[in-house]
Amino acid sequence: MKLRPEEISSVLAQELKNYDRNLGIESVGTILQVGDGIARVYGLQDVMAGEMVEFPGEIFGIVLNLEEDSVGVAIMGPDTKIKEGDQVKRTGTIASVPVGDGVIGRVLNAVGQPLDGEGPVPSTQTRNIELKAPGVTARQPVKQPLATGLKAVDSMIPIGRGQRELIIGDRGTGKTAIAIDTIINQKGKGVYCFYVAIGQKQSTVATVHKKLKEHGAMEYTTIIAANASDPAPMLYLAPYTGVTMAEHQMWLGKDTLVVYDDLSKQANAYRQMSLLLRRPPGREAYPGDVFYLHSRLLERAVKLSDENGGGSLTALPIIETQASDVSAYIPTNVISITDGQIFLENDLFYQGIRPAINVGISVSRVGGSAQTKAMKKVAGSLRLDLAQYRELAAFAQFGSDLDKATQRQLTRGERMVEILKQDQYVPMPTEKQVAIIFAASKGFLDTVPLDQLKVWEKDFHIFLDEKHSAVLQAISTTGKLDDDTVEHLTAAIQEFIKIRG
C-alpha cells in the first residue's frame, strides 16, 4: 500500500482544526475520615464555606468547617457507601434549592427533592439557602392581620403578616394543631404556606399531609420534611430550605407563612454536627453560635416596604419545652428573637381547655396593630377579664358567700373560657369570632347553661348565615364595628335568644 503525503497532511490538518485546547480542570479532595453524616476531606484548598461538594454515587455535602489542612463536610444523604480514600469533587456553587410555583403543593426533602412520588419538581429557578435578611430600610411595620381562625389567638394574641410568633409548650399540648389550623385558615386569602417538619416521624408528616389535603390546603402549601431517620445535616438544613422557598414568593410581592416544627430538634441536630466537627461545646453542650443558627433564620421574616413589592414572610417557630421550663437555653434564645409567644400549658390541656393557651404569659409584641378594628373593639378587655376571673375563681374556692357582682363576674368568666375553646381543624372566620365574643362580653350568654354553650354557638352561627348574613358581611368587608352594625348584631342576638328560648 502506497502512502500519499497529501492525504496524510489533510487528515492531520483536520485533526488539528478539531483539537480542543480547553482542558477540564476539576478540584478534588480525598476523604480522610467519614461517619455519622460528617466527612473530613483533605485537598480541597480553594473550596468556599457553604459550598456544595459531590461524593461518589451522586451524594452531595455542604462544607461547614475550613481548617488548616482539611475541611469538614456535612453529608446530605446516606453515608453508608462513602468510604475513606474516596474522591470528593467541588461543584463551585453555594448550596441552593429549587424555588417558584413548581414547589407549591409538593412534599420535598431538605434539599428540595420530591418525597411524594409525583415526579421531579418542575422548577428551573434555584436560590441560595443562606441569604442575608432584608435591612431596616427595606421593611415596614407589621400592621396587616394574619388570621389563625382560632378565637383565643386572634382576640388576645394577634399575629400580623411579617411577624415572628413563637408557639411554645411541652410535648403533646397542641402546638402543631395551632400551626395546622392557621394554614387551613389561609384558604382563599392568597397566602402561600410552607410547613417544615424537623425530626418528625414519617407517620406524623403523612397525617399532616392527609389533613391538609382533606381541607384543600395543599393547593397553596409546600411540606419540607426532614424525618427522624434522616441524617443530622438534613434536619439542620430543612428550615433554611423552607424560608428560602417562601422568600422567593415574598420578593414577588406575595404573602407567605412558614411553620418550623420544631426548632428544638434543629438545635439538637446542629449540636450533634458541631460536636462531630470538633467545634468547642458551650452551655448544655450546644456550640457557641447556636443563637446565630436561629437568629439568622428568623430575621428573614419580614413585611417588605411598598417600594420592594410589599410582600411578607410570617414565621411560626415551634419550641418544645421540658416540664414547662421556658428558662432553658434554646427556649430563652428563641423567645428573645421572636415578636411574642403563645405558651401552651399541660394543666389547661388536661382540663379540656383547648387550645390550652396560658393567656397570662402569652403575648404578641405587635398587638392591636395586627387586628381589625372590630376585633380590637370586642376583645379589648378580654385578657383583663379572664385574668380577673382566674383570680376570683381561685378565691371563690375558699368561701361560699359571694356578693352578686362577684357571682356575675364568675358567671361571665366561665362563659368566656368556654367560648374560647375550639376543636381542631375548624378555624373560624374573623366576623363570626367577633359576633360570638360580642355576645359573650355583653352578657347575652350569662343565662345559657355551660354544657349547652357549644351547641348554642353552632346554632347561632347557622342563624346568622341564614337570616343576618348582611351583618357578617359588613364586619368582614369594613373590618369595623360601627354603631349601625352593633345595633343590627344586638337585634340579631336578641331575635335568636327569643327563637331558641
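All residue numbers here refer to positions counted from 1 along the written sequence of the relevant chain. For a predicted model such as this one, the threshold for reporting local features is a pLDDT of at least 70, and the threshold for listing and counting side-chain atom pairs is 80 or more; totals across whole chains, interfaces and linings nevertheless cover every residue. Working from all heavy atoms in the structure, the side-chain values ignore hydrogens and water.

Comments concerning the overall build of the chain
A count of helices and strands for the chain gives 16 helices and 17 strands. Across the chain, the fraction of contacts at a sequence separation of at least 24, relative to all contacts at a separation of at least 6, is 74%. Areas reported here follow the Shrake-Rupley algorithm with a probe of radius 1.4 Å; residue values treat only the protein chains shown as occluding. Total accessible area on the chain stands at roughly 23700 Å², and carbon and sulfur atoms take up 52% of it. Note that His is not counted, nor are the chain ends; the positive residues are Lys and Arg, and the negative ones are Asp and Glu. All charge positions are set by atom: Lys at NZ, Arg at CZ, Asp at CG, Glu at CD. The chain carries 54 positive and 60 negative side-chain charges, and their two centres are separated by 3 Å. Going along the chain from the N terminus, every DSSP run of H or I of four or more residues is numbered as a helix, and every run of E of two or more is numbered as a strand. What makes two residues a contact is simply this: any of their non-hydrogen atoms within 4.5 Å.

Structural notes on the nonpolar core
The set of buried Ala, Val, Leu, Ile, Met, Phe, Trp, Tyr and Cys residues whose side-chain atoms join them within 4.5 Å is what this entry labels a nonpolar core. Here the term buried applies to any residue with accessible area under 20% of the maximum for its type, exposed to any over 50%, and partly exposed to those in between, with areas from a 1.4 Å probe on protein chains only. One finds I183, L212 and I342 to be the most contacted residues of the largest nonpolar core, which totals 75 residues. The residues touching I342, leaving out its near neighbours within four places in the chain, are V153, I157, I159, E165, L166, I167, I168, I178, I357 and S362. F194, V196, A246 and A301 belong to the second-largest nonpolar core, a separate cluster that totals 59 residues.

Notes on the packing of aromatic side chains
Two rings from Phe, Tyr or Trp (for Trp, the six-membered ring) form a pair when their centres sit within 6.5 Å of each other. Planes less than 30 degrees apart are called stacked, planes more than 60 degrees apart edge-to-face, and all others tilted. Following the criterion strictly, the structure yields eight aromatic pairs and no others. Centre to centre, the rings of Y286 and Y329 are 5.9 Å apart; their planes meet at 55°, and the pair counts as tilted. On the criterion of sequence distance, the pair formed by Y286 in the loop between α6 (263-276) and α7 (290-298) and Y329 in helix α8 (residues 329-337) is long-range, its members being 43 residues apart. Y329 matches Y286 in its accessibility class, with the two residues each being buried. Between F349 and Y350, the ring centres sit 5.8 Å apart and the planes meet at 80°, which makes this aromatic pair edge-to-face. The class of Y350 is exposed, set by a relative accessible area of 61%. An aromatic cluster is defined as three or more aromatic residues linked by ring pairs; in this entry it consists of W456, F460, F463 and F496. The rule is short: NZ of Lys or CZ of Arg within 6 Å of the ring centre and within 35 degrees of the ring normal puts a charge over the ring. Its guanidinium or amino end placed over the ring of Y286, R271 lies 4.2 Å from that ring's centre, counting from NZ or CZ.

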